[in-house]
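# Chains, contacts and geometry: an overview
Given next are the chains, with one letter for each unit.
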Amino acid sequence: MGKGRFLMDMAVLHPEINYIGIEMYDSVLLRAVQKREKLETELKNLFFIRMDARQLPEVFAEGEVDRIYLNFSDPWPKDRHAKRRLTSDRFLAVYDKILQPDGIIEFKTDNQDLFRYSLESIPEAGWQVTSHTFDLHHSDMAEGNVMTEYEAKFSAEGKPICKLTACRDKS
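In this text, all values refer to a predicted model and were calculated from it rather than measured experimentally. Think of each chain on its own: its residues are numbered from 1, step by step along the sequence as written. The predicted nature of this model means local features are confined to residues of pLDDT at least 70 and side-chain atom pairs, given and counted, to a pLDDT of 80 or more, with totals for whole chains, interfaces and linings taken over all residues. Where side-chain values are given, they derive from all heavy atoms of the structure, hydrogens and water being excluded.

With that settled, the discussion passes to the pairing of strand β6 (residues 162–168). Burial runs high along β6: 7 of the 7 residues are buried. Pairing geometry for strand β4 (residues 99–109) and β6, over 5 bridges, is antiparallel. Each bridged residue has a counterpart across the sheet, and for Glu106 the counterpart in β6 is Thr165. Relative to β6, strand β5 (residues 127–133) is paired through 6 bridges, and the arrangement is antiparallel. Across the sheet, Val129 pairs through a bridge with Ala166, a residue of β6. For every residue, the accessible area obtained with a 1.4 Å probe (protein chains only) is divided by the maximum for its type, and the residue is called buried under 20%, exposed over 50%, and partly exposed between those limits. The secondary structure listing takes helices from DSSP runs of H or I that are at least 4 residues long and strands from runs of E that are at least 2 residues long, numbered from the N terminus. Pairs of strands are assigned from DSSP output, requiring at least two bridges between the strands.

Quick look at the nonpolar core now. If you look at soluble globular proteins, the nonpolar side chains tend to sit buried side by side. Nonpolar core, defined: a set of buried Ala, Val, Leu, Ile, Met, Phe, Trp, Tyr and Cys residues in which side-chain atoms within 4.5 Å join the residues together. By size, the foremost hydrophobic cluster in this structure holds 22 residues, and its most contacted members are Leu56, Ile68, Tyr95, Leu99, Ile105 and Trp127. Looking at this core, the elements with two or more residues in it are β3 (65–71), α4 (89–98), β4, α5 (112–124) and β6. A per-element tally of this core places α4 first, with 5 residues.

With that settled, the discussion passes to the environment of Ile68. Note on placement: Ile68 falls in strand β3. Contacts between residues were defined by any pair of non-hydrogen atoms, one from each residue, lying within 4.5 Å. Not counting residues within four places of it along the chain, the set of residues in contact with Ile68 comprises Tyr95, Ile98, Leu99, Ile104, Ile105 and Glu106.

The next subject is the layout of surface pockets. Both cavities and pockets are sets of points on a 1 Å grid over the protein atoms alone; in a cavity a 1.4 Å probe fits but cannot get out, in a pocket the set is open with protein on both sides within 12 Å along at least five of seven lines, and lining residues sit with an atom within 4 Å of a point. Grid points are joined across faces, edges and corners, and a volume is the space filled by probe spheres set on the points. Taken as a whole, the largest pocket holds about 1,600 Å³ of empty space. Together, 50 residues line the largest pocket, and Met1, Ile22, Tyr69, Leu70 and Leu86 are the ones closest to its centre. When contributions to the lining of the largest pocket are tallied by element, the ones reaching two or more residues are α1 (5–13), β1 (19–23), α2 (26–37), β3, α4 and α6 (149–156). By the convention adopted, Pro, Cys, Tyr, Trp, Phe, Met, Ile, Leu, Val and Ala count as nonpolar, Lys, Arg, Asp and Glu as charged, and the other residues, Gly among them, as polar. The residue makeup of the lining of the largest pocket, split by class, is 27 nonpolar, 7 polar and 16 charged. A volume near 240 Å³ is recorded for the second largest pocket. Around the second largest pocket, the lining is made up of 15 residues, and of these Glu106, Glu143, Gly144, Asn145 and Lys163 lie nearest the centre. Of all elements in the fold, only α1, β3 and β4 reach the threshold of two or more residues within the lining of the second largest pocket. Of the residues in the lining of the second largest pocket, the class split is 6 nonpolar, 4 polar and 5 charged.

What follows is about the pattern of salt bridges. Just to be clear on terms, a salt bridge is a Lys or Arg side-chain nitrogen sitting within 4 Å of an Asp or Glu carboxyl oxygen. Inspection of every chain in the model, using the stated rule, returns 9 salt bridges. Between Arg5 and Asp9 there is a salt bridge, with its nearest N and O atoms 3.6 Å apart. Taken as a pair, Arg5 and Asp9 lie in helix α1 at a separation of 4 residues, close to a single helical turn. Residue classification places Arg5 among the partly exposed residues on the basis of a relative accessible area of 30%. Between Glu151 and Lys108 there is a salt bridge whose closest N-O contact spans 2.6 Å. Pair noted here: Glu151 is in helix α6 and Lys108 is in strand β4, with a separation of 43 residues, a long-range link.

Without a salt bridge and with relative accessible area above 30%, a residue can belong to a patch; like charges are then joined within 9 Å and nonpolar side chains (Val, Leu, Ile, Met, Phe, Trp, Tyr) within 5 Å. The Shrake-Rupley method, run with a 1.4 Å probe, gives the accessible areas here. Residue values count only the displayed protein chains as cover. The charge count treats Lys and Arg as positive and Asp and Glu as negative. His and the chain ends do not count. Working definition for charges: the position is that of NZ of Lys, CZ of Arg, CG of Asp or CD of Glu. A cluster of like positive charges, contributed by Lys78, Arg80, Lys83, Arg84 and Arg90, occupies part of the molecular surface. Tracing the chain through its elements places Arg90 in helix α4.

By themselves these figures say nothing about function.
This is how it looks when you write it as structure tokens:
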């Protein structure tokens, strides 16, 4: 979940929806907690959990989650680390256990190689890429986009942001 800007902005925009930020590293989670504490309004619909995403089925019931946002995750560029990528078949199997039948995954990255990998790995794992773009801010997918801190930084540097949405393959 990074530093939490995206989730905090989403929680403010949609107070009727609960948001849960999952972060594996204590130091990153601490920054998000500190940022949340500085907010003028209390976000009763935002929660943080420090855990490894592989353990999601131990925390969430089958079909409990509506949507999963994967924003600017570690690309794990070496081939031998592909199983660590959050869009690998290993993680898609985890998401399959907790997402509602019509649940959606949204994925954003500045890393073109990770994005191309994801465009291949998601269908290979039995999921369907429902929309994608290699340049989010110059596409129709930009409507309603809430930026992350990395997204704002990379966009300011002129880097295009890639985005895809995916769901279980219904064919």
